[in-house]
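# A look at the structure
The primary structure of each chain is shown beneath.
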Amino acid sequence: MSIKFNGYLVLETGEIFQGVWHGGIERAGEVVFNTSHSGYEEMATDPSYMKQIIVLTAPMQGNYGIEDKVWESKRIWIEGFICVQIQNTVVDQKWKKRLTDYQIPLLSDIDTRKLVLRLRSGGTPWGAIVHAADVLEAQQKAKKLIQSNRDLEKDWVWIASRKEIENRKGQNPKGPRIAVLDFGSKENILRELEKRTSELVIFPSRSKLEDILSFKPHGIMLTNGPGDPQDVEVARETIRQLIGQIPIFGICMGHQVLGLALGAKTYKMKFGHRGSNHPIQDGILNEIYMTSQNHGYAVDEKTLPSDVKVTHRNLNDQTVAGFYSSEKNILGIQYHPEACPGPHEAYGLFNFFIEKMVGFPK
Amino acid sequence: MPRRQDLKKVLIIGSGPIVIGQACEFDYSGTQACKALMSEGLEVILVNSNPATIMTDPEIATRVYIEPLTPEALDKILEIEKPQAVIPTLGGQTALNLALSLDEKGILKKHKCILLGATPEVIKAAEDRELFRNILDQVHAKYPQSEMVRTFEQGIQLGDKLGYPLILRPNYTLGGGGGGIAYSPEEYHPMLLEALNESPTSEVLVEESILGWKEFELEVMRDHTGTFVVICSIENLDPCGVHTGDSITVAPQQTLSDVEYQSMRDEARKILNKVGLETGGANIQFAVHPTSGARVVIEMNPRVSRSSALASKATGFPIAKIAALLAVGYRLDEIQNDITKTTPSCYEPALDYVVTKIPRFAFEKFPGSPDILSTQMKSVGEVMAIGRTFQESLMKALQALEMDREGIPDVNFQVDHVSYPNSKRIWHLFQAFRHGHKISDVFNWTQITPWFLEQIDELVQFEKELPSQFKKDSYLSLLQAKKKGFSDARIARVLKMSEIQIRQSRWKQNIHPSYLQVDTCAGEFDSSTPYFYSTYWSESQVKPVVQPAVMIIGSGPNRIGQGIEFDYSCVRGVKAFQKRGWKTIMVNSNPETVSTDYDTADYLLFEPLTAECLLEIAHVFKPQGFVPQFGGQTPLNIASELVENNLPVMGSGLEAIDRAEDRGHFSKLCRELGLQIPKAGMAGNLQMAFKLDTEIGYPMILRPSYVLGGRRMEVIENRDELASYFERHAEAISVDKPCLMDQFLAGALEVDVDLVRGVDWTVIGGVVEHIEAAGVHSGDSMGVLPPQRLKQETCEKIEVLSKKLAEMLDVVGHLNLQLAIKNDVVYVLEANPRSSRSLPFVAKATEIPMIDLGVAACLGLKAQDLKLQNYNWSDTKTVSVKGVVFPFKKFPQSDSILGPEMKSTGETMGRGEDYSEALMKAFISSFYKLPLEGEVFISLREKDKEPMLPLVKELVLMGYTLSATSGTAQYLAAQGIECLSLKKVHEGRPHCVDRIRQGLVSFVINTTTGRTAIEASFDIRRACTNLNIPCLTESDTAEAFLIALKKAKRGDFKTQSLPPMKSV
């Protein structure tokens, strides 16, 4: 039990949180919190968490072990994992081991409540998780880490995106062909599409318009992804040319880039939405339901063109959760209909895309 | 859509008296719903037969009816009130069943009344297991293999087919009543008979066993547009096989992955939609196979429930309130989240803490009933605790139980105490690890999910290392121990120090808990709701408390002898303090209560009621003082420790409490005042007792020191029984803890007096005359106000004496006195310097705002500040009778004979224009059938035969036929009374019990004394308990029953609403 409080989260704004270091390597990233009760493995492998240190409000983590099948991509993307208590008994410490095996720093025994209130009131700064003997050492290490990591490549989507085209066979021979523009896609978007399509082609985020069109897709999916949507310049231009030509469905980052391509503006939210309990009013399915959310940016409603209607709202703060234009046949959804983690009620939007927007089965 | 404009007036059905399986959680939900609907401008009519509730306080609804929950009474109330709708989903199964019968009898239709929240179809779909299984089939949900059994023969065949063990679930019963697990045909056959008997529709679902599966529950809500939210997920530590009400449970669930959890959530949504629940709350129970992950649905309830109360307290989401608003037409997104004030109620709470619930049991009250848990609920109360981690919350909950100060005491480990679920299993789990047993062993014995076992094991390993760690680093080791939830008392035991040393060491090193807000959203949104829990894991979030503030200590888990009536006092006390400009800090650990609703007090602290926790609260919240007199015995027991630590007591001081509570002091005081008290003595062993017995005289009443609810109290008649008593209770008696021996005033009339004393005033709230003579615990006696047998002058004498006693004790605030009257002499039996069990009944019967006066007394108000002339209890025009309900049925080997040890779980109130009407209502509300004809079986002890002769003759005149055991029959024949003579059980068959079991007897009068005679007649009473046949074991009860029968034979009765409480 000789417990050592030798791990630190140092925020760029100066606040320090002391906890127990469980291994991994020291890393820096934007510090964000997620209120989902379960789904740590899905979150850690979600590319949208690139360059982010994730703070879990649910205090007990790692309780149900690990499961390869739930990975949302091929790697762990988070830069750090922070919680109150990590499952670390003799019998089961699989999640702890997996994180540290992947060199992700893990801090437990952190006063996450205080940290979350700090993030809520002051926004989400960068921070670093370090292993240090004292506060001074922690501060020095953190400063360096934050400096050297924060200004690399701006287009994070490009980092998270596949660099090669990937073809997948769908499970519905009578379904459409869908092109996916990969901004750092969660696997379950692809799984949901596979169920409903005959063929999927997944393109890197900077793919050329001609390459995409050469596949003759019936519809385009713009996926989730990390970072600031304004940095995604190539795809924005590509999408601008596709609007009106072909049905487009954007999720999260895809929704934001779609908004930018329409001429709207996006803005960084104070601390974003991350959790599995956000109520959404869905004007397309005509329901109110709980959703899975993970975004730090949003589309500014006032800047959307007049023929694009805001059809989905986050009922907690009335922000834009989705827009639709029947003329242009485009749909943007800010949250995650693919769930994982989170509730499944919004799966119907995939059906809407395939059946109503793409028009399959014909 | 906003609320329905066609609704102006609604009627809410309460849940009746507290019984095992249906307790004060429905007071909480009903009260919350009433408040919500009243603030919507609706007229709310409330019907409930339980006087101990907050919801039956006249202020809670537009009009309150304390009337029997029967179709006849409801018909009358609907006729008077003509509401547009009835809400049946807030009063448990009682209210649902009553609603069904109102529907079936056409009463709703007659009064053009609709059911809101759940339609008869929904109620049936959830309760009728066959209908429910059809629904599950339609949504492709799985359930255990089972069949509905309607006859014994069919059941036998099915048993052979499904194999053992088997689970029996009778249709339409409460808390799994009449059900159980059968491991062999020998066990199965009698259980099947009983279960068929128990179901009002004679239907029993016989089910393949899912013993050892993991058990989960989802608390869900839905509005009329179909928006669906899960308020809380709950995971049972005890696997399937133990009723969920008897299981230790944890929220939110801890061991399901998101994939598994979402799949369960999807299934719950589908089931709810298919059942057709239009709006409101429901719970759905699931079982998950520990290795394959296969999932089955166990059951669903389309109403608020015990677990929804728990879920509300665990999350801060007020399920009952929202359910009420949804019922009148709102959508979830139209209702604001009370806690954040900025977000809507259509969301799922996110928790950044862990909640543990532990049930509390009363097996010690029912000797002969084995302490083994099964599918039939046995617990009488529960505690909840909140911590940042599972360990912290579990350990806090164990302290909150008030069973042991350390929380996890050392016990004599026995494997069967782990492998057979029982009320103390959790202690033995800890002990198993202390003895070095492996997680795999304990898992094999228990099938408890290893995750939980690991957590417990880790605590034990920590405890083992604590002494050496403490030597190395006292600060860090103490802090870690507190983070893991160890009580100071336990740390002291482990370190071989005193609790005070630990506390001092902790305080010196500034190790204090912090207080975090329960905000429904894990900190995501700002909230100002003052609902807090303590933890050693975080920094505090408390803003300075506005003064003056007072800390009110609740009554903790419900138990026999201390229940909902003390919550009434606490809640009313909070309101009374608020009216006088005080801020209130409510502390309690019982999730079923109104006092732990976040909008009852200005600050709610969900904490164990231990001196340690209360002192920490005082350290941060800085109240001017604390009030111990509302929460029953619990706060009184810790008052001195709080005062010693400089927390001032408000109301009666420690000296006054001690004068009343300490029997030596109290007897001395009485003697000084010239008051008669029963002759008494104390003996630490039998030899000492033998020296005293001639002086005290037989019969005498014996009990160990420091008891609540008359635990181990017995009346004994002679030396043999005296010796037997000392033998049987040896472990509770010692020279340090002597046995109290009191003269027993056989045949005396007993009364309860509740009064309030201020600086220069005293108000008598009322004198409740017990219907049963001395010897029956006051909590188990029926009572009547105003007294019916007491002489006017005796009554006056009692008033004078009571006031004098209050003055001499120097109580400030409440005083409850128990007196006995024999041959016009008044004896003082007991004084309780606190609000009492009878107080809510008295206040409602007399309209005197007793608690408000108690608060006025605590605050030092003078006679001139109060309208004392208004409070004259003898002005009361209506007659009120207190009825009592017992849990004998749930404890198979228990005897329904009444004695000095309290056994009842709840009470009812019958109000009438005269005694007979009030009695009749009280009996009906207490689940007595009132047979208007048929055979009465009589078995009387010798000394009752003559005095009861008039009563027996009366029975004949009323048209009943008689049967009796040979002795009584001969006596009656000699008196010229026709009577069928039956064999006693030991005289061979067919005997009297056979006749009762055949259903040929309408009711039974059976009086008996002495251990041997009591044992010999046990089967008679047990048969009655099993078959719901009234069995009157006291001559006075029998007389009262006859009065009620006569009234019932005359037919009609009236219902009337409770008048408002008089103003202060």
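Residues numbered from 1 in each chain as written. Chains lettered and ligands numbered in written order. Predicted model: local features only at pLDDT ≥ 70, side-chain atom pairs only at ≥ 80, totals over all residues.

## Here we look at the overall build of chain B
Secondary structure assignment for chain B yields 37 helices and 38 strands. A globule of 1064 residues ought to have a C-alpha radius of gyration of about 31 Å, and chain B, at 28 Å, matches this closely. Its C-alpha atoms put chain B at 80 × 65 × 65 Å along the principal axes. Across the 1064 residues of chain B, 60% fall into the buried class. (Helix = DSSP H or I, 4+ residues; strand = E, 2+ residues; numbered from the N terminus. Rg over C-alpha atoms; globule rule 2.2 N^0.38 Å. Buried ≥ 20, exposed ≤ 12 C-beta atoms within 10 Å, placed from the backbone.)

## As for the overall build of chain A
Tallying secondary structure elements over chain A gives 10 helices and 19 strands in all. Whereas a compact globule of 362 residues would reach a radius of gyration of roughly 21 Å, chain A reaches 20 Å, a difference of no more than 12%. Judged by the C-alpha coordinates and their principal axes, chain A covers about 65 × 40 × 35 Å. With 362 residues in all, chain A has 59% of them scored as buried. Excluding contacts between residues fewer than 6 apart, the proportion of contacts in chain A whose partners are at least 24 apart in sequence is 73%. (Contact = placed C-beta atoms within 7 Å.)

## Let's talk about the domain arrangement of chain A
Residue and element names in this part refer to chain A. The domain boundaries assigned to chain A delineate domain 1 (7-150) and domain 2 (156-358). Between the C-alpha centres of domain 1 and domain 2 there is a distance of 28 Å. Secondary-structure elements contributing two or more residues to the side of domain 1 that touches domain 2 are strand S3 (27-34), helix H1 (40-44) and helix H3 (112-122). In terms of residue count, S3 provides more of the side of domain 1 that touches domain 2 than any other element does, 3 residues in total. Across the side of domain 1 that touches domain 2, the residue classes break down as 8 nonpolar, 9 polar and 5 charged. (Domains from an automatic or database assignment. Nonpolar A, V, L, I, M, F, W, Y, C, P; charged D, E, K, R; others polar.)

## Things to note about the packing of helix H5 (residues 120-127) of chain B against helix H6 (residues 129-138) of chain B
Residue and element names in this part refer to chain B. It is the contact of H5 with H6, at a shortest axis distance of 5 Å, that shows an interaxial angle of 90°. For the element pair H5 / H6, the angle class is roughly perpendicular. Mapping the contact onto sequence places Lys124, Ala125 and Ala126 in H5 and Leu131, Phe132 and Ile135 in H6. Residue composition of the contact of H5 with H6, grouped by class: 5 nonpolar, no polar and 1 charged. (Axes fitted to C-alpha atoms, helices over the stretch in contact; angles between N-to-C directions. Parallel < 35°, antiparallel > 145°, perpendicular 65-115°, else oblique.)

## What about the sheet that holds strand S11 (residues 228-236) of chain B?
Residues and elements named next belong to chain B. Strand order across the open sheet formed by 7 strands is S14-S13-S10-S11-S12-S15-S16, with antiparallel pairing between neighbours. The open sheet has two edge strands, strand S14 (295-301) and strand S16 (381-387), and neither has a second partner. Direction aside, neighbouring strands of the sheet carry axes that sit 25° apart on average. With 2 bridges connecting them, S11 and strand S12 (residues 249-251) associate as antiparallel partners. Following the sheet pairing, Glu235 is matched in S12 by Val250. The strands touched by helix H9 (residues 258-275) are strand S10 (214-222), S11, strand S13 (280-288) and S14; relative to S10, the strand with the most contacts, the crossing angle is about 50°. (Pairing = 2+ DSSP bridges.)

## A look at the sheet that holds S3 of chain A
Within a sheet, each strand pairs with its neighbour through backbone hydrogen bonds, oriented either parallel or antiparallel. Around the barrel, 7 strands lie side by side as S1-S2-S8-S6-S4-S3-S9 (chain A); this closed barrel has mixed pairing. This sheet shows a mean twist of 35° between the axes of neighbouring strands, independent of strand direction.

## Details of the interface of chain B and chain A
Taken residue by residue, the interface counts 45 residues in chain B and 42 residues in chain A. Elements represented by at least two residues in the side of chain B that touches chain A include exactly H9 and helix H16 (450-472) of chain B. Per element, the largest residue contribution to the side of chain B that touches chain A is 7 residues, and it comes from H16 of chain B. Broken down by class, the residue content of the side of chain B that touches chain A amounts to 20 nonpolar, 13 polar and 12 charged.

## Remarks on helix H1 (residues 25-39) of chain B
Residues and elements named next belong to chain B. The end-to-end C-alpha separation of H1 is 21 Å, in line with the 21 Å expected for 15 residues at 1.5 Å each. Taken across its 15 residues, H1 has 13 buried, putting it largely inside the fold. Trailing H1 by a residue or two, Gly41 shows a phi angle of about 85°, which is positive. (Expected span 1.5 Å × (residues − 1).)

## Structural notes on the environment of Gln230 of chain A
Residues and elements named next belong to chain A. Take Gln230: it is sitting in the loop between strand S13 (219-222) and helix H8 (233-242). Accessibility expressed as a C-beta count within 10 Å gives 17 for Gln230, which makes it partly exposed. Sequence-wise, Gln230 and Lys309 are 79 residues apart; in three dimensions their C-alpha atoms are separated by 21 Å.

## Here's the deal with the nonpolar core
With 424 residues, the main nonpolar core has Leu46, Val220, Leu614 and Val1004 of chain B as its most contacted residues. When we break this core down by domain, the ones giving at least three residues each are domain 1 (7-150) and domain 2 (156-358) of chain A. With residues near it in sequence (within four places) discarded, Val1004 of chain B still touches Phe937, Ile996, Ile1020, Cys1024, Ile1029, Pro1030, Cys1031 and Leu1032 of chain B. By size, the runner-up hydrophobic cluster in this structure holds 15 residues, among which are Leu166, Ile167, Leu196 and Leu205 of chain B. (Core = buried A, V, L, I, M, F, W, Y, C linked by C-beta atoms within 7 Å.)

## Section: unusual backbone geometry
Phi is mostly negative for residues that are not glycine, and the peptide bonds are mostly trans. Residue Pro548 of chain B is bonded to the preceding Gln547 of chain B through a cis peptide linkage, with omega at 0°. Tracing the chain through its elements places Pro548 of chain B in the loop between strand S18 (531-535) and strand S19 (549-553). Of note in the backbone geometry, Lys216 of chain A takes a positive phi value of approximately 50° without being a glycine. By secondary structure assignment, the location of Lys216 of chain A is in the loop between helix H7 (209-214) and S13. Phi at Gln447 of chain B is positive, roughly 60°, even though this residue is not glycine. Tracing the sequence through the fold places Gln447 of chain B in the loop between helix H15 (439-446) and H16. Under the C-beta neighbour-count criterion, Gln447 of chain B is labelled partly exposed, with 18 such atoms within 10 Å.

## Considering helix H17 (residues 474-483) of chain B
Ser477, Leu478, Gln480, Ala481, Lys482 and Lys483 of chain B are the residues of H17 of chain B that are buried. Packing partners of the buried residues in H17 of chain B comprise helix H12 (390-400), H16, helix H18 (488-495) and helix H19 (499-508) of chain B.

## Here's the deal with the pairing of S13 of chain B
Residues and elements named next belong to chain B. Judged by how many residues are buried, S13 sits mostly within the fold: 8 of 9 residues are covered. Bridge count for S10 against S13 is 9 bridges, and the pairing is antiparallel. Within the sheet, the bridge partner assigned to Leu218 lies in S13 and is Ile284. Examined bridge by bridge, S13 and S14 share 6 bridges and lie antiparallel to one another. In the sheet register, Ala287 faces S14, and the bridge partner there is Val296. In sequence, S13 turns back onto S14 through a hairpin of 6 residues, with Gly293 there showing a positive phi of about 80°.

## Details of the environment of Tyr28 of chain B
If you trace the backbone, Tyr28 of chain B turns up in helix H1. Contacts of Tyr28 of chain B, omitting those with residues within four sequence positions, involve Ala309, Glu592, Thr593, Val594 and Asp597 of chain B.

## A look at the pairing of S19 of chain B
Residue and element names in this part refer to chain B. For S19, the buried fraction is high: 4 of the 5 residues fall into the buried class. Of the strand pairs in this sheet, S19 and strand S20 (residues 583-588) are connected by 5 bridges, and their pairing is parallel. Bridge pairing links Ile552 to Met586 in S20. For the crossover from S19 across helix H20 (residues 564-579) to S20, the handedness is right-handed. Where S19 and strand S22 (residues 625-627) come together, 3 bridges link them in parallel fashion. Each bridged residue has a counterpart across the sheet, and for Met551 the counterpart in S22 is Phe626. (Right-handed = clockwise from strand over helix to strand, strands pointing away.)

## Overview of the environment of Lys321 of chain B
With respect to the helices and strands, Lys321 of chain B occurs in helix H11 (residues 319-327). With 81 residues separating them along the chain, Lys321 of chain B and Cys240 of chain B place their C-alpha atoms 31 Å apart.

## A word on the confidence of the model for chain B
Per-residue confidence for chain B averages 94 on the pLDDT scale, and 99% of its residues sit at or above 70. Our summary of model confidence lists the complex with pTM equal to 0.95 and ipTM equal to 0.97. (pLDDT = per-residue confidence, 0-100.)

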